[in-house]
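Each chain is listed here by its residues.
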Amino acid sequence: MKNKILTYIALFGLLFALSCENEFINHELDKQQELSVSVSDANLEPSEAFFENKFTINWTPAHNQNTGSAIFYTLEIDTLGTDFFNPLLVLVEKQQNLLSYSIDYGTLSANLTKKGLKQDKTYNFTAKVTAHFAKTSVPTQTATVQFSIKPYKAVSTELYIVGNATEAGWTIENALQLTASNTHRGIFRFSGILMPGNFKFTTSRDACWCGDFYTKDIFNENKIIYNQGGSGSDNQWTVTERGRYDITVDLLNLSIKTEFVLLPPYSKLYLVGDASPSGWNIANPEAFTQSASDPFIFNYIGQLKEGDLKISTFTGDWCGGDWLNASVPNQSITSAGFIITHGCDGPDNKWHVNSAEAGNYQITVNFKTNSIAFVKLNFGANLIQNGEINSSANWNVYGVGWDEMPVSNFTSGKMIITNNPSNTYCNGIIWQAVEVEAGEYLFSADVSGGGMSSAWFEIMFGTTQPTNGSDYTTGKYIALLPDNGCGTSPFSGNIAEIGCGDSNYSGVGQNGLISFAKAQTIYFVIKAGTWDGTFGSNGISVDNISLRKKY
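Undergrad: Would you explain the state of the cysteines in this entry?
TA: Every disulfide links exactly two cysteines, by a covalent bond between their sulfur atoms. Across all of its chains, the model carries three disulfides by this definition. The disulfide partner of cysteine 319 is cysteine 344, and the S-S distance across this bridge is 1.7 Å. Taking the torsion about the S-S bond as the criterion, the cysteine 319 to cysteine 344 disulfide, at about -85°, is left-handed. Of this pair, cysteine 319 sits in the loop between strand S23 (307–312) and strand S24 (322–326) while cysteine 344 sits in the loop between strand S26 (338–342) and strand S27 (351–353), and the two are 25 residues apart along the sequence. The class of cysteine 319 is partly exposed, set by a relative accessible area of 42%. One disulfide in the model links cysteine 486 with cysteine 500; its S-S distance is 2.0 Å. On the sign convention where negative means left-handed, the S-S torsion of about -75° between cysteine 486 and cysteine 500 marks this disulfide as left-handed. A residue pair is termed long-range when its members are at least 10 positions apart, and cysteine 486 in the loop between strand S36 (476–480) and strand S37 (491–494) and cysteine 500 in the loop between helix H3 (495–498) and strand S38 (513–516) qualify at 14 residues.

What follows is the structure, given as structure tokens:
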């Protein structure tokens with residue numbers, strides 16, 4: 001019995017060995033043939049214009065001397081006359097069932113220049129194919145072919161704009177990167193603000209300024225000059241007018257296309273003075289809103305008190321930028337003129353608001369006409385019932401289908417919204433119906449809090465009546481949204497001015513202005529909730545909610 005078992009084991013071992021060996025046996029290769037190799041182009045001069053064209057090396061099958069042995073191929077390239085002890089390129093290494101290898105011009109040229117070969121110089125090479133056999137009894141076979149290549153330098157995959165016409169100035173480490181085309185190699189686009197000054201293009205942010213540069217062709221405004229390693233004439237483009245520039249650079253065709261969009265001289269304006277709500281506070285003054293339809297127009301809507309005012313283009317330092325000053329000292333707000341002064345150079349002329357003129361105003365600065373207008377606004381009665389939050393009267397508190405609602409306390413003349421103590425996941429709405437006429441209205445609401453996280457506080461003016469237990473998402477106007485950049489830090493002020501929101505919120509940047517096209521019932525909705533977050537330690541306080549028609 002023992003002898004039978006040993007016999008079975010021996011037979012099983014033999015069968016296993018034969019099956020393993022069969023993996024490296026291919027009798028299709030038993031026929032006798034000579035290994036040979038050829039190339040698709042024996043005198044290759046690749047160029048960037050044909051970057052994706054292929055250079056191909058083909059070889060015939062080696063012969064395994066009727067052993068059925070599997071064959072593995074290695075493909076190497078070296079300069080002519082060398083012994084392949086340290087080949088320049090190894091393109092294939094012991095791969096089976098492979099009789100061809102292709103590489104695009106760009107990659108091949110890049111691989112050769114990385115090995116130290118010079119661009120635009122012709123080199124002679126040898127390609128060698130080596131056939132290795134699974135059965136060591138079959139000797140290794142080789143075949144070679146000679147060819148020449150003239151490597152070229154592929155265009156950069158990155159491009160930067162540098163110069164004092166850009167916000168980065170001549171600090172090359174901060175050069176602005178252009179956007180590469182996803183469909184056309186060598187094409188880059190820049191769209192941004194350029195100021196009076198000069199610029200050029202570079203392929204590197206290296207502080208040594210030793211990268212490649214593209215400069216202006218002084219003989220053809222639509223062409224650029226390639227300066228390898230910063231060589232050549234340093235002819236730069238000159239910007240004479242501040243504005244948005246859309247620039248397309250084509251490195252393959254050495255061309256440039258520039259489109260200019262005129263912009264106003266400033267992107268921010270602020271109201272400063274004791275006639276303004278923020279007083280003489282240059283660190284945090286009242287901001288104007290730039291018109292979305294005409295960037296040359298800036299508007300401010302708010303209260304003016306008796307006192308003086310001027311307009312800054314900056315914050316933080318009294319001498320840190322340009323001012324819009326009155327044309328003469330103590331200029332009346334009925335005058336349309338202004339002058340521009342720099343820093344603390346002066347003259348420090350101001351507009352004066354007298355006691356009879358104090359009230360709500362819309363101030364409009366128009367840089368196309370270089371004019372300023374102070375228009376006193378008259379508003380109707382507050383359409384929000386119990387906007388002073390003297391009690392919970394006139395306010396409906398609904399859930400939106402979640403298990404928990406935030407806690408809404410009407411106390412001390414305020415509406416205070418806090419987390420539900422039993423759950424950090426909550427959502428709910430507080431609303432009332434409002435009858436409006438066609439026209440423009442001014443909305444405001446005082447909000448304050450210690451800072452939110454993973455929470456939302458939204459203001460909506462919808463046209464559908466809320467339903468208890470259903471979510472409400474229409475008519476989004478303004479919000480406190482940490483994800484959009486407001487409400488995270490402690491806050492206090494008019495939500496129409498300090499709020500934020502994405503493109504779904506129509507009131508962002510409107511300073512409380514809202515228009516209704518017809519007489520109708522609208523629904524003023526406050527929506528608040530948290531998603532494993534908090535409204536802050538003391539919640540969000542809401543008071544003095546107002547919606548008044550502008551006359």
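Undergrad: What should I look at first to understand the nonpolar core in this one?
TA: If you look at soluble globular proteins, the nonpolar side chains tend to sit buried side by side. Phe443, Phe457, Phe461, Phe524, Ile545 and Leu547 are the most contacted members of the largest nonpolar core, which has 41 residues in total. The element best represented in this core is strand S35 (residues 453–462), accounting for five residues. If we skip the residues at most four places from it in the chain, phenylalanine 457 touches Ile417, Val447, Met452, Ile478, Ala479, Leu480, Ile495, Ile526, Lys527, Ala528, Ile540 and Val542. Within the second largest apolar cluster, 33 residues are counted, among which are Val37, Val39, Tyr73 and Ala131.

Undergrad: Help me out: how do you make sense of the side chain of glutamate 458 in this one?
TA: If you trace the backbone, glutamate 458 turns up in strand S35. On the basis of relative accessible area, glutamate 458 is assigned to the buried category, the value being 5%. There is a polar contact of 2.4 Å between the side chain of glutamate 458 and the side chain of tyrosine 505. Once residues lying within four places of it in the same chain are set aside, the contact partners of glutamate 458 are Lys476, Ile478, Ala479, Tyr505, Val525, Ile526 and Lys527.

Undergrad: Honestly, empty space enclosed by the protein in this entry has me stumped. Any pointers?
TA: One way to see where empty space is left: roll a probe the size of a water molecule over the atoms. Per the counting criterion, the structure on display carries one cavity of 30 Å³ or more. The calculated volume of the largest cavity comes to roughly 50 Å³. Lining the largest cavity are Val397, Tyr398, Met405, Pro406, Ser408, Ile417, Gly428, Ile429, Ile430, Ile526 and Ala528. For the lining of the largest cavity, the elements supplying multiple residues, two or more each, are strand S30 (396–399), strand S33 (425–436) and strand S39 (520–534). Within the lining of the largest cavity, the residues separate by chemical class into nine nonpolar, two polar and no charged.

Undergrad: Would you explain the sheet that holds strand S5 (residues 89–96) in this entry?
TA: In space, the five strands of this open sheet follow the order S2-S8-S7-S4-S5, with mixed pairing throughout. Each edge of the open sheet is held by one strand with a lone partner, namely strand S2 (43–44) and S5. Bridging between S2 and strand S8 (residues 141–149) involves two bridges; their strand directions are parallel. Within S8, the position partnered with asparagine 43 by the bridge is serine 148. Across the sheet, helix H2 (residues 105–114) touches S2, S5, strand S7 (123–133) and S8, and the angle it forms with S5 is around 120°.

Undergrad: Please explain H2 as it appears in this structure.
TA: In an α-helix, one turn spans 3.6 residues; hence positions three or four apart end up facing the same way. Of the positions making up H2, those classed as buried are Tyr105, Gly106, Leu108, Ser109 and Leu112. An end-on view of H2 places all buried positions within 165° of arc, on one side of the element. Looking at the buried residues of H2, the elements they touch are S2, strand S3 (54–59), S5, strand S6 (100–104), S7 and S8. Two or three places before glycine 106, at the start of H2, stands the capping residue aspartate 104, its side-chain oxygen 3.2 Å from that residue's backbone nitrogen. Two residues or fewer after H2 comes glycine 116, characterised by a positive phi angle close to 100°.

Undergrad: Sorry if this is basic, but what is going on with a nonpolar patch on the surface here?
TA: Residues Trp402, Tyr425 and Trp531 make up a contiguous nonpolar surface patch of about 320 Å² in total accessible area. Take tryptophan 531: it is sitting in strand S39.

Undergrad: What am I meant to see in the sheet that holds strand S29 (residues 371–376) here?
TA: The pairing of strands in a sheet comes from backbone hydrogen bonds and takes either a parallel or an antiparallel form. Spatial ordering of the open sheet is given by S21-S22-S28-S29, a layout of four strands whose pairing is antiparallel. With one partner strand each, in any of the chains shown, strand S21 (289–290) and S29 form the two edges of the open sheet. Sheet topology places S21 next to strand S22 (residues 297–304); two bridges connect them, and they run antiparallel. The residue of S22 that forms the bridge with threonine 289 is asparagine 299.

Undergrad: Help me out: how do you make sense of the packing of aromatic side chains in this one?
TA: A ring pair, where both rings are aromatic, is described by two values, the distance of the centres and the angle of the planes. For the structure shown, the criterion picks out 32 aromatic pairs. Ring geometry for tyrosine 123 and phenylalanine 125: centres 6.3 Å apart, planes at 40°, overall tilted. Each member of the pair tyrosine 123 and phenylalanine 125 is classed as buried. Aromatic pair tryptophan 318 and tryptophan 323: ring centres 6.0 Å apart, planes at 10°, arrangement stacked. Through successive ring pairs, a cluster of aromatic residues spans Trp395, Tyr441, Phe443, Phe461, Tyr477, Phe516 and Phe524.

Undergrad: Looking at this model, I keep getting lost on the pairing of strand S14 (residues 213–216). Mind explaining?
TA: Regular strands show a simple pattern: their side chains alternate between the two faces of the sheet. Bridge count between strand S13 (residues 197–202) and S14: two bridges; the pairing is antiparallel. Looking at the pairing, threonine 202 lines up with phenylalanine 213 of S14. Sheet analysis places S14 next to strand S15 (residues 224–227), joined by four bridges and oriented antiparallel. For lysine 216, the partnering residue across the bridge sits in S15 and is isoleucine 224.

Undergrad: How should the pattern of salt bridges be read in this particular structure?
TA: Note on pairing: side chains with opposite charge can pair once their charged atoms come close. Taken as a whole and judged by the stated rule, the model has eleven salt bridges. Residue aspartate 348 is joined to lysine 350 by a salt bridge in which the shortest nitrogen-to-oxygen separation is 3.1 Å. Linking lysine 476 and glutamate 458 is a salt bridge whose minimum nitrogen-to-oxygen distance equals 3.8 Å. Of this pair, lysine 476 sits in strand S36 while glutamate 458 is found in strand S35, placing the two residues 18 residues apart along the sequence. The exposure class of lysine 476 is partly exposed, given its relative accessible area of 23%. Each of Lys310, Asp348 and Lys350 takes part in one network of salt bridges that share partners.

Criteria and cut-off values
Residues numbered from 1 in each chain as written. Predicted model: local features only at pLDDT ≥ 70, side-chain atom pairs only at ≥ 80, totals over all residues. Heavy atoms only, no water. Disulfide = S-S within 2.5 Å. Helix = DSSP H or I, 4+ residues; strand = E, 2+ residues; numbered from the N terminus. Buried < 20%, exposed > 50% of the residue type's maximum accessible area, 1.4 Å probe, protein only. Core = buried A, V, L, I, M, F, W, Y, C linked by side-chain atoms within 4.5 Å. Contact = heavy atoms within 4.5 Å. Polar contact = N/O pair within 3.5 Å; in protein donor to acceptor, adjacent residues only side chain to side chain. 1 Å grid on protein atoms, 1.4 Å probe; cavity = no way out; pocket = protein on both sides within 12 Å on 5 of 7 lines; lining within 4 Å. Points joined across faces, edges and corners; volume = space filled by probe spheres on them. Nonpolar A, V, L, I, M, F, W, Y, C, P; charged D, E, K, R; others polar. Pairing = 2+ DSSP bridges. Axes fitted to C-alpha atoms, helices over the stretch in contact; angles between N-to-C directions. Arc of directions from axis to C-beta. Patch = residues over 30% accessible without salt bridge, like charges linked within 9 Å, V, L, I, M, F, W, Y side chains within 5 Å. Areas by Shrake-Rupley, 256 points an atom, 1.4 Å probe, with all protein chains shown as cover. Salt bridge = Lys/Arg side-chain N within 4 Å of Asp/Glu carboxyl O. Phe/Tyr/Trp six-rings, centres within 6.5 Å; stacked < 30°, edge-to-face > 60°.

Such coordinate-based values are descriptive only and should not be taken to indicate function.
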